[in-house]
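What the coordinates show
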Amino acid sequence: MIFNRGAFVHSLLRPFIALAALVVTTAMATWGGAAFAQAGAPWPKVSPITIVINQSPWFGGFSKVVEAYEKETGNKVTLDVNPFAGSGEKQRNSVRAKEGQFDILVMNSAWLAEFYHGGFLTPLNTIDASFRLDPQVMSYDDTGYWDATKKSNNAKTGVVYGVPINGNIQVLYYRSDLYEKAGLKVPQTWDELAANAKALNSPPNVYGMVQRGARSASDISYDWMPYLHSYNGAIFRDEKAGDFTVTINSPEARQALDMYVNLAKNSGPPNPGSYGQAQVIQALLTGKAAHATPVIAAWPQLDDATKSAVVGKVNVAVLPHGPGGRTTPTLGHFIGGIPNNIPKDRQVAALAFLRWFQSYDAQVKYAQTGQPPIRIDVYDAPFMKSPDYRWSRAILASLPNAKMMYTVPEGPQIASVLELRLNQAVLGEKTTADALNTAADEIHDIMQKAGYKTARLPALK
Amino acid sequence: MRAPPARADAIQVDRWRFYTLAPALAVYLLLALLPIVNLVVMSAHDIRWQQGAAQWTLVGLKHYTELPRDPLVRAGLANTTLFALLAVTAEMLIGFALALFVSRIVVGRVLYRTIFLLPILIPGIVIGAIWKLMYNPDFGIINQLFGLVGLAGFDWLGSGRLAFMSVIVVDIWHWTPFVFLLLLAGLESLPEDIHEAAMLDGASAWQELRRVTIPMMLPVIVVTLAFRLIVSFKVFDEVYLLTGGGPGTATEVLSFTIYRRFFTEDRMGYGSAISVVALFVLTLVIVLFMGMTRRRMHTN
């Protein structure tokens, strides 16, 4: 037998070479998503995932972006689409089960606190240590981060748990054609808006101001928050610092509610207390609203000739503010998070989607559907200068001031109180002072029972 | 002393029946009672989620003591009672009239029966969508019809009592066919010769109805009424789809309050307490009602 030293060494090393190749390939497939994307190389193949999401006005844009992801990466995504409240309940049931049904939860700001406080989400770094929120992604009041020790959203002390999916906030929609005809200026304050609304009020053809005054899980409370905050009022004295003294019946809050109710009485439709989001958008689309403050997700329909009677006649601006305050829209945005209770391969696959979704190219596609991108740099893209995207400046100017409605898991109970009491004020069943005093009592009761350090202001006269 | 052979056989058969039915009875009791026992246990706890796990804290009767101060429970209970009384009364009257009408005609009976039954075949969610569109103050067909005759329309779901009545109208439209179906079956099973005898005795149509038909129909009427009362106390879908309990608390009903407290606000313990009270109230109403009608029937 002739001994071939070269062949011997080769056969000895062959398993190690194969092993090294396997390790490198696996590492590239598992961790290399970002590097691949940055280099323009194909995205890794991952397990199919299911995203649970609600059928909101922005859903059409999101589903188009998901289609683009599937086409680009070859990965499979199933969308489980539900009504708004149904989506929250499905998510809740899924995270409380032994094994979750959904891989990405598209959580609204209204139920975000419940998921963070409940400990249902996975820090994204535990799936992939290299994962970071792209610096170009907007902060949305740090709601993608969670500090489990301090129980607060904080980018500095917390870790990343979610990627923003939709940057929904309120803006002022106004009829630019009517403004031009009447020679009006875009309002900076609520008082100016009230004057403009009165000037354009011509019922039953056009109502000066159409508000979301209905009572539901989140209509009038969400609609009124920008008034409250921009009059320098708040539900609690200092929520972030842990001071849960109830201040909803402060003089500032009363001024904010007086303004809201007066707008409804003087320039609104006959029964403003029954208008939810759908009715407000309908009033805008049919040309019956001279002003309204729905979320930006409603925008694409307004310039769609198949749905709108006012194509090209509506513009948007930042929300007005109260005296001495500043424009403060309420965050009604959505965060995509990954639950603890799903297998690792599905967590990896879910993160691959979120990583792709926050990329510049994906956000350009998203913006082109008429939805607000979550990245700041996309707002500088040349196509965003077109009149079709005339909403983008208002969003960019508003977002730095945008605030969460609440950050405690008792939020839905607080919203329920506000929905009823504010609705009663709009209906005239209670005076504004009475509505706010009652709300303050009830919110104080909720916080006390939940064990918070709380107090309340003296009753308004 | 031993029982006589025939009686002993009967006892043995009875025992045999009891033992053979026992497993089915046990399964039934388990299925029927377990959720209720679970509900009662939950109602005595506060349930919160931390670190992905449920934390149960025993609070005893605390939730029950909070109920009388809950504005939604108060409004829900009052509205549900009024809703059940008004809707069921109207459904019984209209359903009985339609059943009488169809039972007395010969030509087109099948056609009428089919038409009257249609609403009950439509899923609740579709009914909600249909009526929400019909009630729309801007483009709803009802206001358009008002407009055709020169009348101003209404915001049917937009203001207090009108919204409440509008929801009742939908419930009547939805459930009258059910009443009609049961009462028609009852009417058709009545012996024809008694009607003929009444006619031969010279009874007017009203007298025949009052003294012959209604007394003979009483058991069917009672069962139908009881069934409708139970279902109307649980009304949910029409309110959920049409008004969401508003404006204010004008259309708040107990089922919707439970949904709101239990699911939307995630207060499982408190929501369970409302459910237990609702169950108790409904059982009480049905027991009292059945007791009264049984006594009435015995008297008759």
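That block above? That's the structure.
Residues numbered from 1 in each chain as written. Chains lettered and ligands numbered in written order. Predicted model: local features only at pLDDT ≥ 70, side-chain atom pairs only at ≥ 80, totals over all residues.

So, the overall build of chain A
- In terms of helices and strands, chain A carries 17 helices and 12 strands.
- At 25 Å, chain A has a C-alpha radius of gyration in line with the 23 Å of a compact globule built from 461 residues.
- Considering only C-alpha atoms, chain A reaches an extent of 105 × 50 × 35 Å along its principal axes.
- Expressed as a percentage of the 461 residues in chain A, the buried residues total 53%. (Helix = DSSP H or I, 4+ residues; strand = E, 2+ residues; numbered from the N terminus. Rg over C-alpha atoms; globule rule 2.2 N^0.38 Å. Buried ≥ 20, exposed ≤ 12 C-beta atoms within 10 Å, placed from the backbone.)

Focus on unusual backbone geometry
Residue and element names in this part refer to chain A.
- Backbone torsion omega between Pro203 and Pro204 reads 5°, so that peptide bond is classified as cis.
- Residue position: Pro204 is located in the loop between α8 (190–200) and α9 (220–230).
- Here the phi dihedral of Asp142 falls at roughly 60°; this positive angle occurs in a residue that is not glycine.
- Tracing the backbone shows Asp142 in the loop between α6 (124–127) and β4 (145–146).
- Residue Asp142 is classed as partly exposed on the basis of its 18 C-beta neighbours within 10 Å.
- Backbone geometry places Lys151, a non-glycine residue, at a positive phi of 55°.
- Of note, Lys151 is situated in the loop between β4 and β5 (159–160).
- Judged by C-beta crowding, with 16 C-beta atoms within 10 Å, Lys151 ranks as partly exposed.

Observations regarding the sheet that holds strand β6 (residues 162–166) of chain A
Residues and elements named next belong to chain A.
- A sheet is described by the order of its strands in space; here five strands give the open sequence β2-β1-β3-β12-β6, paired in mixed fashion. Looking at strand neighbours, the two that pair on one side only are β2 (77–82) and β6, the edges of this open sheet. Direction aside, neighbouring strands of the sheet carry axes that sit 25° apart on average.
- With respect to the sheet, helix α4 (residues 84–96) is in contact with β1 (49–54), β2 and β3 (104–108), its orientation differing from that of β1 by roughly 140°.
- Each of β3 and β12 (334–337) is contacted by helix α5 (residues 109–118), which is oriented at about 120° to β3, the strand it contacts most. (Pairing = 2+ DSSP bridges. Axes fitted to C-alpha atoms, helices over the stretch in contact; angles between N-to-C directions. Contact = placed C-beta atoms within 7 Å.)

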